[in-house]
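# Summary of the model geometry
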Amino acid sequence: MSEFKEIIVSTDKIHTDEYLVNMGPQHPSTHGVLRLLVRLEGEIVHNIQPHVGYIHSGIEKMCESISYPQVIHLTDRMDYLSAHMNNEAVALCIENALQVEVPDRVKYIRTIMDELSRLASHQLWWCVMGMDLGALTTFFYGLRDREHILDIFEETCGARMTLNYSVPGGVMFDIHPNFQKRVKDFLKEFKKKLPEYDQLLTGNVIFQERTNDIGYLSKEDAIAWGVTGPSGRGSGFSCDVRKHQPYSAYPLVKFEEKLDTKGDTFTRYRLRMEEMWESIHIIEQLIDNIPEGDYAVKMKGVVKLPEGEFYQRVETARGEFGVFIVSDGKKNPYRIKFRSPGFSNLFALNKMAAGHKIADLVAIMSTLDLVIPDIDR
Amino acid sequence: MTNEELQAYLTGKFSNAEVKTGKQYVEIVVKAEDLHETAVQLKKTPELSFDYLICLTGVDYPETMQIVYHIESVEHRHVAVLKVNTADRTDPKVDTVSDVWQTAKYHEREVYDLLGVKFNNHPDLRRLFLDDSWGFPLRKDYKDEVRIVER
């Protein structure tokens, strides 16, 4: 026993240095090409310096030489899991600038598509989160259910992910005759599947141990770092654009902004799970009441915005997405800026993960739900 | 506060700034040397408490490089746009606001990377996306040698 004590005492005297490890740009948990320069002492993370730009595609510069309807195509490629919300943001911005009032039918269709996109995005986030923490089963469950939503998208507009469905003045095509039935069938099935998700992952002891009280972000920090979406709401930052600056059919539906002040990894996880239920409620309120009418208003062949600056905010699955258009009256924007939620969320990572183990970093990053093209643009 | 109330309050509060009605939000245009103090006041004044920086970006106009800040108050839920016109378009310099709104640290790095705006007192002003050998692509006089943008 005394010998053993000596060993313990001697380990205290071992000199440990801080060292740097590159996590990424090819690392499964970064979900794309992102490099984190991690300063470690043993297994403890001291500091994280994210390095971005590996897939910077110059979308903002490209937009300056193309027409407004073409801009919408490029927005799919940023946050490809919230493609429809990004499309809608640009479409809404153009409609506000031209003071075009879209028919009610368009508002309903857009909102249903928004919420279906949010469900699909959260499903993928959930299954990948499980996989990041070593539970491969979730991956198959999530992808199985997401497939139904992608099939609905495909039938509606011909694309599964890069939808390009919202256009200035409405949507590109009317909904398929099967649309309402398929959505209702899917919701009925998915409501049975969601409790299964909880059984698989939420209540799991290992999962709980790895997420509870890990990666704390205070409300002040969430606001200061601009962390929006479920990640920000997990810290008590009320930032749901659907509530505060409602657009499309959101003023017509009843839903709750899920908020919690605990601010740890598990809270961010739980809020996303609850948001899926809210999305289901929103779709249920709208799906049977889609008004008759046109699916788009007739716009001029060449869309030209009046001179001035226009800003539109929408809520994507990751947080607040903004489009800032500066127009000089021509058919292409003078300057366009996309405020992507992932960009601001990523840089708060150091605040959350410093002081935790490197394995916790993976869990924390997972609840930020990063999409790298959204950050790099 | 509504936009009208906000405009009236801001006009009284900031005598050296130009407060005007924008298309959607109230706009506050300040000189580069007043920027930091105005930002601090916008955040610290309890009636305003603009604590959430939504978006920070730059626009290259023919005569000036303009930096645009979209700010919101979480408590009061009003939004305003803060604008600063730099004196020199080719070598623009403004003070950093990263000590007021932390998220500005990386948004400013992006603006520096793509527009070449130097932020005084920035803790870590390096390029974010691109290599040092690139020009500043979002400037209007940028030569697109690899013909990525214009075909």
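Residues numbered from 1 in each chain as written. Chains lettered and ligands numbered in written order. Predicted model: local features only at pLDDT ≥ 70, side-chain atom pairs only at ≥ 80, totals over all residues.

Bringing the overall build of chain B into the picture now. Looking only at helices and strands, chain B has three helices and seven strands in total. Listing every helix and strand of chain B by position from the N terminus yields α-β-β-α-β-β-β-β-α-β. Here chain B has a C-alpha radius of gyration of 16 Å; the compact-globule value for 151 residues is 15 Å, and the two agree. With respect to the principal axes defined by its C-alpha atoms, chain B has extents near 50 × 30 × 25 Å. The buried share among the 151 residues of chain B stands at 42%. Summarising the internal contacts of chain B: among those between residues at least 6 apart in sequence, 43% fall at separations of at least 24. (Helix = DSSP H or I, 4+ residues; strand = E, 2+ residues; numbered from the N terminus. Rg over C-alpha atoms; globule rule 2.2 N^0.38 Å. Buried ≥ 20, exposed ≤ 12 C-beta atoms within 10 Å, placed from the backbone. Contact = placed C-beta atoms within 7 Å.)

A separate point is the nonpolar core. Counting residues in each nonpolar core, the largest one holds 143 residues, and the members touching the most others are Cys93, Leu349 and Ile364 of chain A together with Ile71 and Ala80 of chain B. In terms of residue count, the dominant contributor to this core is helix α5 (residues 104–132) of chain A (13 residues). Look past the residues within four positions of Ile364 of chain A in its chain and what remains in contact with it is Ile214, Gly215, Thr265, Leu349, Met352 and Ala353 of chain A. (Core = buried A, V, L, I, M, F, W, Y, C linked by C-beta atoms within 7 Å.)

Once that is clear, we can look at the pairing of strand β8 (residues 308–315) of chain A. In regular strands, side chains alternate between the two faces of the sheet. All names here are of chain A. With seven of eight residues buried, β8 is to be regarded as a mostly interior element. Pairing of β8 with strand β9 (residues 320–327), which is carried by eight bridges, proceeds in the antiparallel orientation. Bridge assignment links Tyr311 to a residue of β9, and that residue is Phe324. Linking β8 to β9, which pair antiparallel, is a turn of four residues; within it Gly319 sits at a positive phi near 145°. (Pairing = 2+ DSSP bridges.)

The subject of this paragraph is the environment of Pro306 of chain A. All names here are of chain A. Structurally, the position occupied by Pro306 is in the loop between α12 (265–287) and β8. With 238 residues separating them along the chain, Pro306 and Tyr68 place their C-alpha atoms 13 Å apart. Those residues within four positions of Pro306 in sequence are excluded, and the remaining contacts are Ala97, Ser327 and Gly329.

Turning to the environment of Val52 of chain A, a few remarks are in order. Position of Val52 of chain A relative to the elements: it lies in the loop between β5 (44–51) and α2 (59–63). Taking the C-beta count within 10 Å as the criterion, Val52 of chain A has 24 such neighbours and is therefore assigned buried. When the C-alpha positions of Val52 of chain A and Pro373 of chain A are compared, they lie 9.9 Å apart, and in sequence the two are 321 residues distant. In contact with Val52 of chain A, not counting residues within four places along its chain, are Leu34, Ile375 and Asp376 of chain A together with Leu128 and Phe129 of chain B.

Our focus in this paragraph is the confidence of the model for chain A. Chain-level pLDDT for chain A is 88 on average; 96% of the residues reach the 70-or-more range. Below pLDDT 50 for its whole length, residues 1–10 of chain A participates in zero contacts with residues either more than four positions away or in separate chains. (pLDDT = per-residue confidence, 0-100.)

Residue and element names in this part refer to chain A. Taking 1.5 Å per residue as the helical rise, helix α4 (residues 83–98) with its 16 residues ought to reach 22 Å, and the 23 Å between its terminal C-alpha atoms agrees with that figure. Most of α4 sits inside the fold, with 14 of its 16 residues counted as buried. Looking one or two places after α4, you find Gln99, whose phi comes out positive at around 55°. (Expected span 1.5 Å × (residues − 1).)

For the rest of this paragraph, the subject is the environment of Gln102 of chain B. Note on placement: Gln102 of chain B falls in the loop between β6 (93–95) and α3 (104–115). Taking the C-alpha atoms as reference points, Gln102 of chain B and Glu75 of chain B, separated by 27 residues in sequence, lie 18 Å from one another.

Moving on to unusual backbone geometry. Although it is not a glycine, Ser248 of chain A sits at a positive phi angle of roughly 45°. The topology assignment puts Ser248 of chain A in the loop between α11 (241–244) and α12. On the neighbour-count criterion, Ser248 of chain A (24 C-beta atoms within 10 Å) is buried. Positive phi is not limited to glycine here, since Asn121 of chain B has a value of about 65°. Considering the arrangement of structural elements, one finds Asn121 of chain B in the segment after β7 (118–120).

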